[in-house]
Amino acid sequence: MIFGERNIEKPIRWAMVGGGRGGQIGYIHRSAALRDNNFQLVAGAFDIDPVRGKDFGVNLHVDSERCYPDYKTMFAEEAEREDSIQAVSIATPNGTHFEITKAALNASLHVVCEKPLCFTTEEAEELEALAKEKNRVVGVTYGYAGHQMIEQARQMIANGDLGEIRIVKMQFAHGFHSEAVEEKSASTKWRVDPKVAGPSYVLGDVGTHPLFLSEVMLPNFRINRLMCSRQSFVKSRAPLEDNAFTIMEYDNGAIGYVWSSCVNAGAMHGHSIRVVGSKASIEWDDERPNQLRYEVQGKPAQILDRGMDYNYPEALVNDRIGAGHAEGLFEAWSNLYTRFALAMDAADRGETLENMWYPDIHAGVEGVRWVENCVRSADNGAVWVDYK
Ligand code: NAD
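Residues numbered from 1 in each chain as written. Predicted model: local features only at pLDDT ≥ 70, side-chain atom pairs only at ≥ 80, totals over all residues. Heavy atoms only, no water.

**Student:** How should the overall build of the protein chain be read in this particular structure?
**Tutor:** When you go through the protein chain residue by residue, the secondary structure sums to 12 helices and 14 strands. In terms of overall size, the protein chain behaves like a compact globule, its C-alpha atoms giving a radius of gyration of 21 Å where 388 residues would be expected to give roughly 21 Å. Principal-axis analysis of the C-alpha atoms gives the protein chain an extent of 65 × 50 × 40 Å. Counting every position in the protein chain, which comprises 388 residues, the buried fraction comes to 56%. The long-range fraction of contacts in the protein chain, counting pairs at least 24 apart against all pairs at least 6 apart in sequence, stands at 69%. For the protein chain, the exposed surface amounts to about 17,300 Å²; the carbon and sulfur share of it is 50%. Averaging the coordinates of the 40 positive side-chain charges in the protein chain and doing the same for the 55 negative ones gives two points 2 Å apart. (Helix = DSSP H or I, 4+ residues; strand = E, 2+ residues; numbered from the N terminus. Rg over C-alpha atoms; globule rule 2.2 N^0.38 Å. Buried < 20%, exposed > 50% of the residue type's maximum accessible area, 1.4 Å probe, protein only. Contact = heavy atoms within 4.5 Å. Areas by Shrake-Rupley, 256 points an atom, 1.4 Å probe, with all protein chains shown as cover. Lys, Arg positive; Asp, Glu negative; His and termini not counted. Charge placed at Lys NZ, Arg CZ, Asp CG, Glu CD.)

This is the structure in structure tokens:
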């Protein structure tokens, strides 16, 4: 259980690029990083607009001289300080992630980067090699993975509670962009522009989330080949898709399926994963994150609740409030930011932590690889492609 006591010697001096006023995801980065005092926000280049960014940073109690007009100035000027930043989180639109992550690693900073890490597997592998060379941690915010019941699912599968795994059914299919909302929303506009969003919209924006949940639950599964069909129901979004179906064959004979969509009219998040084994199935839905549905063939379905002693001990480690009280996405992100801090602290001491998973640079690479393979299949007529 977490009581908020320190688990590293000193808070990590931390900055943000992006995540400024009006940005969708910046606040949860700050809430998660600051919750357990593992990080201290000391600097930032928070906004594409330097004046607004400075005003915003000062309003976050950041020293005005450390609210920088852009990330390049920040990395250069911070490097001159004795109390310089040690880590940076990047919460900017997709098209900037590669260059900012690369610059941060070259400045010997630990990084937390938003997904997708970049646009191509080649770029992603370049970042992975650079992070290794510099011995720096790169975390990628597949935030839902920090929910306790995802760990419970991982343990149940590892312990054989489901039998042999046959089917993995995933979806992140919301309805918020059923119409051309990008005409009025800046935050949606860049998502349908290939120059800023990259080679996909919903595959990278939402589909990679349940994909990473499957990687946590099924760490030994490898995709052999996949087939993807993608559509632009709002025509002006072409060539980027607002809906996609992907079928994947794993090397152990199991099969997976991902529905990625933003035109699932009426649905809120529509984000879930169901893992079907030879004896039983489990299902987790991000709109009810405190519960995991466990269905044993021939028996009444059970609902496992977060924080209860019948869960595996590994799932109880990150409990913050005890069973019955609802925990949610903010707690899940905080759990991941704690792991980022532990990994960064260990790297600074020349150690690596065994037995602690978190969405690391490899998870970032795999997300980019999956999108690339999906797009290759879809754009060749929704054909099977060997997974590269
Ligand atoms: P947004 O458009 O709402 O906000 C982007 C912010 O970045 C703004 O404050 C903008 O001023 C700033 N910015 C843009 N370019 C910048 C630059 N070069 N330097 C400094 N600041 C800059 O976008 P968003 O919805 O918050 O998405 C940002 C990233 O987060 C995207 O990559 C997106 O895919 C990702 N995201 C992830 C999740 C998740 O669950 N992990 C959820 C939403 C968004």
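**Student:** Explain the UniProt feature "domain: Gfo/Idh/MocA-like oxidoreductase C-terminal" (unreviewed entry) in the protein chain to me, please; I cannot follow it from the model alone.
**Tutor:** UniProt records the feature "domain: Gfo/Idh/MocA-like oxidoreductase C-terminal" (unreviewed entry) for residues 154-385 in the present numbering. Between the C-alpha atoms that bound residues 154-385 the distance is 28 Å, and the span itself is 31% helix and 25% strand. (UniProt positions renumbered as here; feature names shortened; annotations may be inferred.)

**Student:** Please clarify how the domain arrangement of the protein chain should be interpreted in this entry.
**Tutor:** Buried accessible area, meaning the area lost when the parts come together, often serves as the stated size of an interface. One can read the domain layout of the protein chain as domain 1 (12-143 + 340-358) and domain 2 (145-316 + 365-386). Of note, the centres of domain 1 and domain 2, computed from C-alpha atoms alone, are 26 Å apart. Residue-level contacts link 18 residues of domain 1 with 24 residues of domain 2. Here domain 1 meets domain 2 over a buried area of about 1,800 Å², counting both sides, of which 57% is carbon and sulfur. When the buried area of domain 1 at its contact with domain 2 is split by residue, Phe119, Tyr142 and Trp357 rank highest and sum to 40% of it. On the surface where domain 1 and domain 2 come into contact, there are 2 salt bridges. (Domains from an automatic or database assignment. Buried area = accessible area lost by both parts, 1.4 Å probe. Salt bridge = Lys/Arg side-chain N within 4 Å of Asp/Glu carboxyl O.)

**Student:** Any chance you could explain helix 12 (residues 361-379) here in plain terms?
**Tutor:** Here helix 12 is 19 residues long and its end C-alpha atoms lie 27 Å apart, about the 27 Å a rise of 1.5 Å per residue gives. Judged by how many residues are buried, helix 12 sits mostly within the fold: 15 of 19 residues are covered. (Expected span 1.5 Å × (residues − 1).)

**Student:** How do you make sense of the environment of Glu183 when you look at a structure like this?
**Tutor:** Summarising the element assignment, Glu183 is placed in the loop between strand 6 (165-173) and helix 7 (186-189). Residues Glu183 and Phe3, 180 residues apart in the sequence, show an inter-C-alpha distance of 45 Å.

**Student:** Even after reading the chapter, I still don't get the pattern of salt bridges, so can you show me in this structure?
**Tutor:** When charged atoms on two side chains of opposite charge get close, those side chains can pair. Applying the stated criterion to the full structure yields 29 salt bridges. Close ionic contact of Glu125 with Arg369 constitutes a salt bridge, the shortest N to O distance being 3.2 Å. One end of the pair, Glu125, is in helix 5 (residues 121-134); the other, Arg369, is in helix 12, with 244 residues separating them in the sequence. Judged by relative accessible area, which is 14%, Arg369 ranks as buried.

**Student:** Would you take a moment to explain the pairing of strand 2 (residues 39-45) for this structure?
**Tutor:** Within a regular strand, side chains alternate between the sheet's two faces. Judged by how many residues are buried, strand 2 sits mostly within the fold: 6 of 7 residues are covered. Pairing of strand 1 (residues 12-18) with strand 2 involves 6 bridges; the strand directions are parallel. Within the sheet, the bridge partner assigned to Ile12 lies in strand 2 and is Phe39. Traced from strand 1 through helix 1 (residues 26-35) to strand 2, the parallel crossover comes out right-handed. (Pairing = 2+ DSSP bridges. Right-handed = clockwise from strand over helix to strand, strands pointing away.)

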